[in-house]
Amino acid sequence: MALIEAFKQLLGDTAVLTQDEDLAGLIEDWRGRFRAPALCAVLPSNPQQVAAIVRLCIEHGVPVLPQGGNTSLCGGATPFDEGKRPVIVALTRMRRIRSIDPVNNTMEVDAGCVLATIHEAAAATGRLYPVSLGAEGSCQIGGNIATNAGGTGVLRYGNTRDNVLGLEVVLSDGSIWDGLYALRKNNTGYDLKHLFIGSEGTLGIVTGAVLKLHPLPTAEAVAWLAVDDPQRALDVLGLFQASCSSRLSAFELLNDNQIRLVLEQMPGRRCPVARIDGWHVVVELSDTGSTQEITATMQAVLERALEQGLISDAVVASSGAQRQAMWLVRHSVSEANKKAGVGLTSDTAVPVSAVPAFIAQATASVRAIVPDVPVVVVGHMGDGNIHFIPFFSFDEWNAMPDRDSLADRVRQAIDDAAGALRGTFSAEHGIGRTLIGEMSRYKAPVELALMRAVKQAFDPLSLFNPGRVLPPAAAPSVSPSVATTRQRET
Ligand SMILES: Cc1cc2nc3c(=O)[nH]c(=O)nc-3n(C[C@H](O)[C@H](O)[C@H](O)COP(=O)(O)OP(=O)(O)OC[C@H]3O[C@@H](n4cnc5c(N)ncnc54)[C@H](O)[C@@H]3O)c2cc1C
């Protein structure tokens, strides 16, 4: 085919993948739930090659699917099974740390840099890039930017949007926008970078970024707490916020079902507290200064929590290895859940104060549909972002009649519980393909119309990742009056 030959001329034979065995890992999503063919995958080495690829795709009328580490949990980075087969533009060869400015506290990177590599490069100059998540060994900064990734550090440092100062993007006409500013202040009209952040590859291909760095904490304390219920966890969060202010860097909630899945599926993980039943919190304090002092602060807050009957047990890590072991349990949840069965994962967020009410309402609503289904709960409680996951073994799920409809009803029940508390159905993973239907349900027509206008302005040929984020304009939607009500609810 002429387009594939043109790619080979441009990039060399080894940078154009057409064989099934080479494409296998790129056309199926991380959970193995979505799989669809691609025309080919191309592996550019620099922004100019990305731009030339886009120009060739325009010429041949072929859609473009940017791909990072392919760790999307909402089916965002694999081909859509309708319409023309896309060209996957995988940025794995673009992994250069371009420069670090330790005085300005910034780092300029290629978009294909793996997140863990960015952490290491920042740490080597005594700096921290604070976005941290379970997939950090394989997800790329371009994917993080395209999804506005959150993770465990949002409570203190914000999400990806808060940590990106500048972008370089290949646009839909095959030109390159150089927005690589390393500025904390820049009020020169609309801030275009914010449109690309979180756009999930639908507006352009991010090829480079300027990231904000922070001082590398020299003191850390991590504790594992057992609590009886989410309300007590919330009260403990309040104690930490009142006593530790911005030194509180993570506050993660897990229920007993989640801990059991990790212990069953992931060898070498252990629960730091003796009692599994009930609820668990991982709390982290970090700062410059001494570990001794911050550990003493942690212990003092925990003593007060114990006195007030808020926690039933607590273990404070006494070494770096113990801190890592606690985080390993937390970061193993997605892998454990993937191995154990089928979780109907949600990505809701509600105001932090409403987390206990949300969990109670979602549980009741889901049980009304599937009585007795075990519910796995894991989330970034400090941000109000809870992944509420009704869970089935593979056998149970395969025996379920009408699985797609059941999954939709369960998702809507959970998302409605969040919406009733002015929450959202998509906090950090993005829309991808799994939440397109929820966009129609929850977003007011005026919002969808504005988003479509943005898409039309940035990508008039609908070249980039078609079928993602925005539902088709003609799709049946809720009536405007209902949509407006729901909009108020979300
Ligand atoms: C074990 C595990 C734990 C996770 N934990 C978290 C978590 O705590 N918080 C969280 O937010 N997410 C989490 N995720 C989800 C996922 O890791 C993030 O969404 C991540 O940001 C995706 O990065 P990626 O490079 O893998 O992107 P991909 O999956 O490859 O792509 C995601 C989307 O971004 C687009 N895209 C990718 N690269 C570019 C680019 N250069 N330019 C334009 N568009 C692009 C793709 O087209 C797609 O729409 C987790 C995933 C796993 C597997």
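Residues numbered from 1 in each chain as written. Predicted model: local features only at pLDDT ≥ 70, side-chain atom pairs only at ≥ 80, totals over all residues. Heavy atoms only, no water.

Asks: Please clarify how the layout of surface pockets should be interpreted in this entry.
Replies: The method is simple in principle: a probe with the dimensions of a water molecule rolls over the atoms, and the space it marks as empty is what remains. Each pocket or cavity is described by its volume, and for the second largest pocket that value is around 1,000 Å³. Surrounding the second largest pocket, 37 residues form its lining, Phe34, Asp408, Arg411, Arg433 and Thr434 being those nearest its centre. Breaking the lining of the second largest pocket down by element, the ones donating at least two residues are α15 (403-419) and α16 (436-442). Residues belonging to the lining of the second largest pocket are distributed by class as follows: 16 nonpolar, eight polar and 13 charged. Here the lining of the second largest pocket spans two domains, and each of domain 1 (2-90) and domain 4 (344-419) adds at least three residues to it. (1 Å grid on protein atoms, 1.4 Å probe; cavity = no way out; pocket = protein on both sides within 12 Å on 5 of 7 lines; lining within 4 Å. Points joined across faces, edges and corners; volume = space filled by probe spheres on them. Helix = DSSP H or I, 4+ residues; strand = E, 2+ residues; numbered from the N terminus. Nonpolar A, V, L, I, M, F, W, Y, C, P; charged D, E, K, R; others polar. Domains from an automatic or database assignment.)

Asks: How should the packing of helix α9 (residues 256-265) against helix α12 (residues 333-340) be read in this particular structure?
Replies: Across the interface, α9 lies against α12 with an axial gap of 9 Å and an inter-helix angle of 75°. On the basis of the axis angle, α9 is roughly perpendicular to α12. Contacts between α9 and α12 involve Gln258, Leu261, Val262 and Gln265 on the former and, on the latter, Val333, Ala336, Asn337, Lys339 and Ala340. A per-class count over the contact of α9 with α12 returns five nonpolar, three polar and one charged. (Axes fitted to C-alpha atoms, helices over the stretch in contact; angles between N-to-C directions. Parallel < 35°, antiparallel > 145°, perpendicular 65-115°, else oblique. Contact = heavy atoms within 4.5 Å.)

Asks: Please explain the side chain of histidine 387 as it appears in this structure.
Replies: Structurally, the position occupied by histidine 387 is in strand β19 (residues 385-393). Classification of histidine 387 by relative accessible area gives buried; the value is 6%. Of note is the side chain of histidine 387, whose polar atom sits 3.0 Å from the backbone oxygen of serine 346. Dropping the residues within four chain positions of it, histidine 387 is found in contact with Ser346, Asp347, Val376, Val377, Val378, Gly379, His380, Glu428 and His429. (Buried < 20%, exposed > 50% of the residue type's maximum accessible area, 1.4 Å probe, protein only. Polar contact = N/O pair within 3.5 Å; in protein donor to acceptor, adjacent residues only side chain to side chain.)

Asks: Is there a simple way to think about the nonpolar core in this case?
Replies: Within soluble globular proteins, side chains that are nonpolar generally end up buried alongside one another. Formed by 60 residues in total, the largest nonpolar core has its most connected members in Phe7, Val42, Val87, Tyr129, Leu167, Ile205 and Leu211. Taken domain by domain, this core gets at least three of its residues from each of domain 1 (2-90) and domain 2 (97-215). Counting 50 residues, the second largest nonpolar core, distinct from the first, contains Leu239, Leu310, Ala354 and Trp397. (Core = buried A, V, L, I, M, F, W, Y, C linked by side-chain atoms within 4.5 Å.)

Asks: Sorry if this is basic, but what is going on with the site of the ligand here?
Replies: As a matter of local geometry, the ligand sits amid 36 residues, with Pro66, Gly68, Gly69, Thr71 and Gln140 nearest to it. Between the ligand and the protein, one listed contact pairs a nitrogen atom with a backbone N or O atom of valine 206 at 2.9 Å. If you list the elements that add at least two residues to the shell around the ligand, you get β3 (64-67), α5 (141-147) and β10 (205-212). Considering every element that reaches the shell around the ligand, the biggest residue donor is α5, with five residues. Tallied by class, residues from the shell around the ligand come to 13 nonpolar, 21 polar and two charged. When we break the shell around the ligand down by domain, the ones giving at least three residues each are domain 1 (2-90) and domain 2 (97-215). (Near = heavy atom within 4 Å.)

Asks: Looking at this structure, I do not really get a nonpolar patch on the surface. What am I missing?
Replies: Judged by side-chain polarity, Tyr190, Leu192 and Leu195 come together as a nonpolar surface patch covering roughly 350 Å² of accessible area. By secondary structure assignment, the location of leucine 192 is in the loop between β9 (176-179) and α7 (193-196). (Patch = residues over 30% accessible without salt bridge, like charges linked within 9 Å, V, L, I, M, F, W, Y side chains within 5 Å. Areas by Shrake-Rupley, 256 points an atom, 1.4 Å probe, with all protein chains shown as cover. Salt bridge = Lys/Arg side-chain N within 4 Å of Asp/Glu carboxyl O.)

Asks: Just to check I follow, could you spell out α12 for this structure?
Replies: One turn of an α-helix holds 3.6 residues; hence residues three or four places apart share an orientation. Among all positions of α12, only Val333, Ala336, Asn337 and Ala340 are buried. The buried side chains of α12 occupy one side of the element, clustering within an arc of 95° when seen end-on. (Arc of directions from axis to C-beta.)

Asks: Is there a simple way to think about the packing of helix α1 (residues 2-11) against helix α3 (residues 47-60) in this case?
Replies: The packing of two helices is summarised by the inter-axis angle and the distance between the axes. Where α1 meets α3, the axes come as close as 11 Å, and the angle between the chain directions of the two elements is 165°. As summarised for this structure, α1 and α3 are arranged roughly antiparallel, according to the angle between their axes. The two elements α1 and α3 cross, and the hand of that crossing is right-handed. Residues Ala2, Leu3, Ala6, Phe7, Leu10 and Leu11 of α1 form the contact with α3, whose own contacting residues are Gln49, Ala52, Ile53, Leu56, Cys57 and His60. Taken together, the residues of the contact of α1 with α3 break down into 10 nonpolar, two polar and no charged. (Left-handed = near helix turned anticlockwise from the far one by under 90°.)

That is the geometry; function is a separate question.
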